[in-house]
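So the chains spell out like this:
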Amino acid sequence: MTAQLPEPSPRPAAPSELRASHDDREAVVERLRDAAAEGRIDLDELDARLEQALTSKTYAELAVLTADLPQLNSSENRPPLVLKGGMSGASRGPGRWEVPGRVVAHGGWGGVKLDFSRVQCRLTEIAVEAYGEAAGVTVVIPDAWAADTSGMDPGIGGLTDRTTPDRLPGTPLIRLTGSGGVSGVVIRHPSRWERRKLRSNPTDQI
């Protein structure tokens, strides 16, 4: 009796041919919604891509939907944002804006306000160098974020930290360094007035 040879194993699937999970599809859906909020794709295209994302079966099918969008880690490679208060002041936020891994703020004579309250950021940490100088720097972060101010030199103006240590998983940590200068540096969560404005304008963007 002739021995029966085992059937050959099927060819291993290429990584792009592997089956996508619910979490994989949801991650692409979130990226597409972010792209629409950033103005990269219009609403009609968003609807079409969302439908494809929810019915995609493989990584290759999902990859096509975000192939023309910036990579998720692009914020880490973006040049630092430098704000100089000068004579009339400078600010960034509270609308949506793309956050780099490092921000430098010089209060100058006019002051600087750096407001993260509306941003969506996947970085685990954001390095903020704040120099109060003559007019001071104010940094506003969402309630879910936390700050490490241990590397900050209070200077003459001092450091005022009104943030809470509570931090939700997946949100960035603000690592604050620099010097308070003459007028100081303040880091805090949104004020009562700012919270009312956030609630009344939930889709406010720059």
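Residues numbered from 1 in each chain as written. Predicted model: local features only at pLDDT ≥ 70, side-chain atom pairs only at ≥ 80, totals over all residues. Heavy atoms only, no water.

**Side note on the overall build of the protein chain**
And step 1. Across its full length, the protein chain holds five helices and ten strands.
And step 2. Burial status across the protein chain gives 35% buried among its 206 residues.
And step 3. Contacts in the protein chain between residues far apart in sequence, at least 24 positions, make up 68% of those at least 6 positions apart.
And step 4. Surface accessibility of the protein chain: about 12,400 Å² in total, with carbon and sulfur atoms responsible for 53%. (Helix = DSSP H or I, 4+ residues; strand = E, 2+ residues; numbered from the N terminus. Buried < 20%, exposed > 50% of the residue type's maximum accessible area, 1.4 Å probe, protein only. Contact = heavy atoms within 4.5 Å. Areas by Shrake-Rupley, 256 points an atom, 1.4 Å probe, with all protein chains shown as cover.)

**Focus: the packing of aromatic side chains**
And step 1. On inspection of all chains with the given rule, the structure shows two aromatic pairs.
And step 2. Between Trp 97 and Phe 116 the ring centres are 5.2 Å apart and the planes differ by 35 degrees, which places this aromatic pair in the tilted class. Of the two residues, Trp 97 is situated in the loop between β2 (90-92) and β3 (102-106) and Phe 116 in the loop between β4 (112-115) and β5 (125-131); the sequence distance between them amounts to 19 residues. One exposure class covers both Trp 97 and Phe 116, and it is buried.
And step 3. Here Phe 116 and Trp 145 contribute two aromatic rings whose centre-to-centre distance is 5.6 Å and whose plane-to-plane angle is 45 degrees, an arrangement assigned as tilted. Taken together, the residues span a long stretch of sequence, with Phe 116 in the loop between β4 and β5 and Trp 145 in the loop between β6 (137-140) and β7 (146-153) at a distance of 29 residues. You'll find Phe 116 and Trp 145 in the same group, each marked buried.
And step 4. Pairwise contacts between aromatic rings join Trp 97, Phe 116 and Trp 145 into one cluster. (Phe/Tyr/Trp six-rings, centres within 6.5 Å; stacked < 30°, edge-to-face > 60°.)

**Details of unusual backbone geometry**
And step 1. Omega for the peptide link from Gly 93 to Pro 94 comes to 15 degrees, which places this bond in the cis form.
And step 2. The residue Pro 94 is located in the loop between β2 and β3 in this model.

Geometric descriptors of this kind do not, in isolation, establish any biological role.
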